[in-house]
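A closer look at the structure
Now for the letters of each chain:
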Amino acid sequence: MSEFTEAMAQLAAGVAVVTVRDGRDDLGTTVSALMSVSLEPPLVLVSLAGSGYLNEVLLRQDRWAASLLSSGQAAIASRFATAGRPSARLLLAGTPHHRGTHSDALVVEGGVAALEAETTKVVPAGDHTLFIASVLAVPYVEVSLQPLVRLRSRYRPVGT
């Protein structure tokens, strides 16, 4: 692990699953680089590895969803972070989810929140791509649950 990677691992970040529908297939990945950019209008930013297939798909499919995971959903985060993972539909088998009404992407239920977004700007940034997006809808917010965070290369519930 490089010093830079280790330094950045000291910063706690929320964990989300970003999903997109691509024709008949559903794709998704775990991210810890999702942030609010603006309140008016509501904008978010997600950073994806430029070499990944999801990056390629988001360059042609503007609408996507992000499910902000709760502390009990570390297994979902791990499934979506695994290399060579199958379709998002298979990864969510047995997990409550639905299709977003605005994005048609899979939305994981049981998290702390979810949103649907439409990319408005794409910014190449080193070995990653930044997708800045308008928030189309917030399917749910569950303030009674604790968020899942990534800190020091591990998924952790808040407060531990």
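Conventions we followed
Residues numbered from 1 in each chain as written. Predicted model: local features only at pLDDT ≥ 70, side-chain atom pairs only at ≥ 80, totals over all residues. Heavy atoms only, no water. Helix = DSSP H or I, 4+ residues; strand = E, 2+ residues; numbered from the N terminus. Buried < 20%, exposed > 50% of the residue type's maximum accessible area, 1.4 Å probe, protein only. Patch = residues over 30% accessible without salt bridge, like charges linked within 9 Å, V, L, I, M, F, W, Y side chains within 5 Å. Areas by Shrake-Rupley, 256 points an atom, 1.4 Å probe, with all protein chains shown as cover. Salt bridge = Lys/Arg side-chain N within 4 Å of Asp/Glu carboxyl O. Pairing = 2+ DSSP bridges. Axes fitted to C-alpha atoms, helices over the stretch in contact; angles between N-to-C directions. Contact = heavy atoms within 4.5 Å. Phe/Tyr/Trp six-rings, centres within 6.5 Å; stacked < 30°, edge-to-face > 60°. Lys NZ or Arg CZ within 6 Å of the ring centre and 35° of its normal.

A word on unusual backbone geometry. Looking along the chain, the bond that leaves Glu40 and enters Pro41 is cis, with omega of 0°. The phi dihedral of Asp104 is positive, around 65°, even though this residue is not glycine. When you line up the elements, Asp104 lands in the loop between β7 (97-99) and β8 (106-108). Exposure remark for Asp104: the relative accessible area of 33% places this residue in the partly exposed category. Its identity as a non-glycine residue notwithstanding, Arg152 has a phi of 50°, on the positive side. Relative to the assigned elements, Arg152 resides in the loop between β11 (148-151) and β12 (154-157). The exposed category is assigned to Arg152, whose relative accessible area is 52%.

Bringing a nonpolar patch on the surface into the picture now. On the surface, Phe4, Met8 and Leu11 cluster together to form a nonpolar patch covering roughly 350 Å² of accessible area. Considering the arrangement of structural elements, one finds Phe4 in helix α1 (residues 3-8). Exposure remark for Phe4: the relative accessible area of 60% places this residue in the exposed category.

The next thing to look at is the sheet that holds strand β10 (residues 128-141). Ordered in space as β3-β2-β6-β9-β10-β5-β4, the seven strands form an open sheet in which the pairing is antiparallel. Pairing within the sheet leaves two strands with one partner each, and these edge strands are β3 (25-31) and β4 (34-38). Strand-to-strand twist across the sheet, computed as the mean angle between neighbouring axes with direction ignored, equals 35°. With seven bridges joining them, strand β5 (residues 43-49) and β10 adopt antiparallel strand pairing. Across the sheet, the residue bridging to Leu45 is Ile132, located in β10. Strands in contact with helix α3 (residues 74-81) are β2 (16-22) and β3; relative to β3, the strand with the most contacts, it is inclined by about 115°.

To continue, consider the sheet that holds strand β1 (residues 13-14). Across the sheet, three strands lie side by side as β1-β11-β12; this open sheet has antiparallel pairing. Each edge of the open sheet carries a strand with a single partner, namely β1 and β12. For β11 and β12, the ladder comprises four bridges, and the chain directions are antiparallel. Residue pairing for β12: Val149 is matched across the bridge by Arg156. Here α3 sits on the sheet and contacts β11 and β12; the angle it forms with β12, its principal contact strand, is near 160°.

What follows concerns the packing of aromatic side chains. The description of an aromatic ring pair uses the distance of the two centres, along with the angle that the planes make with each other. Per the stated rule, a full pass over the model turns up zero aromatic pairs. The ring centre of Tyr155 lies 5.3 Å from the NZ or CZ of Arg150, which sits over that ring.

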